[in-house]
Amino acid sequence: MQDKCNPSKFTMRDKYSMKSVKNYFVAAIIVALSATASLYLFRSLPHRDAYKDFYANYDPRPSFKRVLDSVYIQSFSSDKESGEKKK
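Model, not experiment: these values are computed from the prediction.

Participant: Tell me what's going on with the overall build of the chain, and back it up with residues and numbers.
Facilitator: For the chain, the helix and strand inventory stands at three helices and zero strands. For the chain, the succession of helices and strands along the chain, N to C, is α-α-α. When burial is assessed residue by residue, the chain has 2% of its 87 residues classed as buried. For the chain, the computed accessible surface area is about 9,000 Å², with 61% contributed by carbon and sulfur atoms.

Participant: Tell me about the pattern of salt bridges, residues and numbers included.
Facilitator: Side chains that differ in charge, positive against negative, can pair when their charged atoms come close. Applying the stated rule across the entire model yields one salt bridge. Between Asp69 and Lys65 there is a salt bridge; the shortest N-O distance is 3.2 Å. Highlighted residues: Asp69 and Lys65, both in helix 2 (residues 60-69), separated by four residues, approximately one helical turn. Neither residue differs from the other here; Asp69 and Lys65 are each classed as exposed.

Participant: Tell me about the packing of aromatic side chains, and please be specific about residues and values.
Facilitator: Under the defined criterion, the tally for this structure stands at four aromatic pairs. Taking the centre distance of 4.9 Å and the plane angle of 80° together, the rings of Phe54 and Tyr55 count as edge-to-face. Looking at Phe54, the relative accessible area reads 46%, which means it is partly exposed. A centroid spacing of 5.2 Å and a plane angle of 40° characterise the contact between Phe54 and Tyr58, whose relative ring orientation is tilted.

Participant: Outline the side chain of Ser63, listing residues and values.
Facilitator: For Ser63, the position within the fold is in helix 2. In terms of polar contacts, Ser63 uses its side chain to reach the side chain of Tyr58, at 3.5 Å.

Participant: Explain the UniProt feature "transmembrane region" (unreviewed entry) in the chain residue by residue, including any values.
Facilitator: Per the UniProt record, "transmembrane region" (unreviewed entry) is annotated on residues 21-42. Helix and strand shares over residues 21-42 are 100% and 0% respectively, and the end C-alpha atoms of the span are 31 Å apart.

Conventions we followed
- Residues numbered from 1 in each chain as written.
- Predicted model: local features only at pLDDT ≥ 70, side-chain atom pairs only at ≥ 80, totals over all residues.
- Heavy atoms only, no water.
- Helix = DSSP H or I, 4+ residues; strand = E, 2+ residues; numbered from the N terminus.
- Buried < 20%, exposed > 50% of the residue type's maximum accessible area, 1.4 Å probe, protein only.
- Areas by Shrake-Rupley, 256 points an atom, 1.4 Å probe, with all protein chains shown as cover.
- Salt bridge = Lys/Arg side-chain N within 4 Å of Asp/Glu carboxyl O.
- Phe/Tyr/Trp six-rings, centres within 6.5 Å; stacked < 30°, edge-to-face > 60°.
- Polar contact = N/O pair within 3.5 Å; in protein donor to acceptor, adjacent residues only side chain to side chain.
- UniProt positions renumbered as here; feature names shortened; annotations may be inferred.

What follows is the structure, encoded as structure tokens:
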């Protein structure tokens, strides 16, 4: 029963806002999962396959020789250069 001193509350109070908050929460989860899945499928898998293909036929000796011949390793000195500097 309803009193004059204590009227009943409106039964639909905050129903719409709670429903919209739940919908936003579900939408945020769906967006996050789809972004993660697309990043994995379209970036990580091809990147992993490219590394796998590269290192399947990789020979480190020519790369090491190219690095030694260039100026990437400056502390490296051959026997000729070290002998000339000592004299």
